[in-house]
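Topology and contacts: notes
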Amino acid sequence: GSSSKTGRRGESAAAMAGVGVNSLPSNPVRHASLFHDVHSALNNIAQDLRHFRNVAQENDDARSEEIEGLRKKLNQERLEHREQINQFRYEFDDLVHSKIERLIELIEVIHQNEQRDDRQQKELIFKLQQDMRKMKDSITIVTSKWSSFSNRARQRKPAVLATAALDVGTAGPPEQGMRP
């Protein structure tokens, strides 16, 4: 199959050139010079293709290296970003915990102050109660003394009579008409 195709191609190329299959040039130098330009052009095209393939391969390799470098850089930045977020999270947690601890300490201080204030207030109330009892006892004593004094004052005889009674007991009956 393939040899018949190649044979036909050869025949059709020769037929196109206007040369019969049997009428090939007999001079090989003439044949070499006739196709020298075509071979040279094909060689130049092949060299250009090799060059462009090499350039394309070098560009692909450079782009692959660049992509790999960018991929590594992106992964590194992701790691750094993750570390920064974790560091921020830890610092935030520490800050929140320190603020909460401080708040708890303040609440404890307030609670202790309230308890101390409550104790002081209870002590003050107790002292006031004691002072009120003393004052009530003192008022009771003063009231009883005043009562006894007022009773004595009501029952008391006038001073003239009392002195007269004293004189009577020592000198006899008072004279009438004598008034001091």
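Quick caveat: nothing in here was measured; it's all calculated off a predicted structure. (Residues numbered from 1 in each chain as written. Predicted model: local features only at pLDDT ≥ 70, side-chain atom pairs only at ≥ 80, totals over all residues. Heavy atoms only, no water.)

Right, let's get into the overall build of the protein. Secondary structure summary: the protein contains three helices and zero strands in total. Along the protein, from the amino end to the carboxyl end, the secondary structure elements read α-α-α. By the burial criterion, 1% of the 180 residues in the protein qualify as buried. Counting only carbon and sulfur atoms, one obtains 57% of the accessible surface of the protein, whose full area is about 17,100 Å². (Helix = DSSP H or I, 4+ residues; strand = E, 2+ residues; numbered from the N terminus. Buried < 20%, exposed > 50% of the residue type's maximum accessible area, 1.4 Å probe, protein only. Areas by Shrake-Rupley, 256 points an atom, 1.4 Å probe, with all protein chains shown as cover.)

Here we take up the packing of aromatic side chains. Ring pairs (aromatic) are described by centroid distance and by the angle formed between their planes. This model, assessed by the stated rule, comprises two aromatic pairs. Between Phe 88 and Phe 92 the ring centres are 6.3 Å apart and the planes differ by 25 degrees, which places this aromatic pair in the stacked class. Here the residue Phe 88 and the residue Phe 92 both occupy positions in helix H2 (residues 28-155), the gap between them amounting to four residues, near one helical turn. For Phe 88, a relative accessible area of 56% translates into the label exposed. We classify Phe 92 as partly exposed; its relative accessible area is 44%. Plain terms: the ring middles of Trp 146 and Phe 149 are 5.7 Å apart, the flat faces sit at 40 degrees to each other, and that makes the pair tilted. In this pair, Trp 146 and Phe 149 both sit in helix H2, three residues apart, roughly one turn of the helix. You can call Phe 149 partly exposed: its relative accessible area is 45%. (Phe/Tyr/Trp six-rings, centres within 6.5 Å; stacked < 30°, edge-to-face > 60°.)

The next point concerns the pattern of salt bridges. Think of it this way: side chains of opposite charge can pair up when their charged atoms draw near. Taken as a whole, this structure holds two salt bridges when the rule is applied. The residue Glu 66 makes a salt bridge to Arg 63 at a minimum N-O spacing of 3.4 Å. Of this pair, Glu 66 and Arg 63 both sit in helix H2, three residues apart, which is roughly one turn of that helix. When its relative accessible area of 43% is taken as the criterion, Glu 66 is described as partly exposed. (Salt bridge = Lys/Arg side-chain N within 4 Å of Asp/Glu carboxyl O.)

Another aspect to go through is the confidence of the model for the protein. On average, residues of the protein score 80 in pLDDT, and 74% of them reach the 70 mark or higher. Of all helices and strands in the protein, the one with the weakest mean pLDDT is helix H1 (residues 2-16) (46), whereas H2 scores best (90). Overall, residues 1-22 carries pLDDT values under 50, and its contacts beyond four positions in sequence, including any with other chains, amount to three contacts. (pLDDT = per-residue confidence, 0-100. Contact = heavy atoms within 4.5 Å.)

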